[in-house]
Amino acid sequence: MNSDLILSVVTGSRAYGLETEGSDTDRRGVFAAPTADFWRLSKPPTHRDGPLPEQFSWEVERFCVLALEANPTVLECLWSPIVEVETPAGRRLRELRGAFVSRRARQTFAGYADDQFRRLDPRAPKWKQAMHMVRLLLSGLHLVRHGEPLVEVGPHRERLLAVGRGQVPWAEVDAWRGELAAELAATPCVLPERPDRERVEDFLVGVRKEHL
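Report follows, based on the coordinates. Remember, predicted model here, so these are calculated numbers, not experimental data.

Criteria and cut-off values
- Residues numbered from 1 in each chain as written.
- Predicted model: local features only at pLDDT ≥ 70, side-chain atom pairs only at ≥ 80, totals over all residues.
- Heavy atoms only, no water.
- Disulfide = S-S within 2.5 Å.
- Buried < 20%, exposed > 50% of the residue type's maximum accessible area, 1.4 Å probe, protein only.
- Helix = DSSP H or I, 4+ residues; strand = E, 2+ residues; numbered from the N terminus.
- Salt bridge = Lys/Arg side-chain N within 4 Å of Asp/Glu carboxyl O.
- Phe/Tyr/Trp six-rings, centres within 6.5 Å; stacked < 30°, edge-to-face > 60°.
- Lys NZ or Arg CZ within 6 Å of the ring centre and 35° of its normal.
- Pairing = 2+ DSSP bridges.
- Axes fitted to C-alpha atoms, helices over the stretch in contact; angles between N-to-C directions.
- Parallel < 35°, antiparallel > 145°, perpendicular 65-115°, else oblique.
- Left-handed = near helix turned anticlockwise from the far one by under 90°.
- Contact = heavy atoms within 4.5 Å.
- Nonpolar A, V, L, I, M, F, W, Y, C, P; charged D, E, K, R; others polar.
- Polar contact = N/O pair within 3.5 Å; in protein donor to acceptor, adjacent residues only side chain to side chain.

**Side note on the state of the cysteines**
Going through the model one piece at a time under the given rule, you end up with zero disulfides. C64 takes part in no disulfide bond, and the closest cysteine sulfur, belonging to C77, lies 12 Å away. The exposure class assigned to C64 is buried, which follows from its relative accessible area of 3%.

**Things to note about unusual backbone geometry**
Geometrically, the link from G50 to P51 is a cis peptide bond, its omega value of 5 degrees lying close to zero. Its location among the elements puts P51 in the loop between β3 (47–49) and β4 (55–59). Of note, E54 is a non-glycine position whose phi angle comes to about 60 degrees, a positive value. Here E54 is to be found in the loop between β3 and β4. For A70, which is not a glycine, the phi torsion comes out positive at approximately 65 degrees. Mapped onto the elements of the fold, A70 is located in the loop between α2 (60–68) and α3 (72–78). Owing to a relative accessible area of 0%, A70 belongs among the buried residues under this scheme.

**Thoughts on the pattern of salt bridges**
Going through the model one piece at a time under the given rule, you end up with 15 salt bridges. The shortest N-O distance in the salt bridge between R118 and D115 comes to 2.4 Å. With R118 and D115 both in helix α5 (residues 104–118), this residue pair falls three residues apart, about one helical turn. Under the relative-accessibility criterion, R118 is labelled exposed at 55%.

**Describing the packing of aromatic side chains**
Counted under the stated rule, the structure contains four aromatic pairs. Ring plane angle 80 degrees and centroid distance 5.1 Å describe the contact between F56 and W58, whose orientation is recorded as edge-to-face. Residue classification places W58 among the buried residues on the basis of a relative accessible area of 9%. Between F117 and W170, the ring centres sit 6.2 Å apart and the planes meet at 5 degrees, which makes this aromatic pair stacked. Here F117 is found in helix α5, whereas its partner W170 is found in helix α8 (residues 170–186), with 53 residues between them in sequence. Judged by its relative accessible area of 22%, F117 falls in the partly exposed class. Aromatic rings pair up to connect F56, W58 and F63 into one cluster. The lysine or arginine in question, R48, covers the ring of F31, its NZ or CZ lying 4.0 Å from the ring centre.

**Considerations on the pairing of strand β2 (residues 26–31)**
Counting buried residues in β2 gives five out of six residues, a clear majority hidden from the surface. Two elements, strand β1 (residues 5–11) and β2, share six bridges in a ladder whose sense is antiparallel. The partner of L5 across the bridge, within β2, is F31. Taken together, the five bridges between β2 and β4 define a ladder with parallel strand orientation.

**Structural notes on the packing of helix α7 (residues 157–164) against α8**
Interaxial distance between α7 and α8 falls to 11 Å at its minimum, and their mutual angle equals 130 degrees. Taken together, the axis directions place α7 and α8 in an arrangement best described as oblique. Our pair here, α7 against α8, has a crossing hand that is left-handed. The residues of α8 that touch α7, namely those facing R159, L160 and V163, are E172, V173 and W176. Its residues assigned to classes, the contact of α7 with α8 comprises four nonpolar, no polar and two charged.

**A short note on the side chain of S139**
Within the secondary structure, S139 is located in helix α6 (residues 127–146). You can call S139 buried: its relative accessible area is 0%. A polar side-chain atom of S139 sits 3.1 Å from the main-chain carbonyl oxygen of L150. When near neighbours in sequence (up to four residues on either side) are disregarded, S139 contacts E76, F109, P149 and L150.

In structure tokens:
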């Protein structure tokens, strides 16, 4: 593990409760570059791959910006049930997760799912992609109803895995998608109108001071 990581979590099928025997272990992390590196003309990277297989990390500022924009992948990292690295700064970041969410999430989760849907060919669907499209809608619906995304799918596991195995007819998958998309659009939203940028910025300034 990199020494500058402040948070590293497992995402993907193992976090969702959708793992099978051959599932990879997907990891997403947040690192804090040394503050003095930002004083140079060449800025630190905003993200990086590795060093472990299937591992991807964002620099903390980039992570915060994406989370404030209600990026589904980034938001779900903050609610992953499997945390492998958590420094004091990483713990503060996870404790701050409610400050990132806003009503914008309704559009971003629906939009990401719709993008996946438009890339699917009904004549020869990529069933794993279809499974994750539906899972994303379930996650977004839970977020607007309860204030946090649904990461571990719980009672939806068997039906989703059946979709992933291609055991559910496309018409049924499409109908489920349509029902969830309509619910997501119509459900009263418990989220605030805007994220709490001030709290997020205070966190980021604190991290920069710690890494001077």
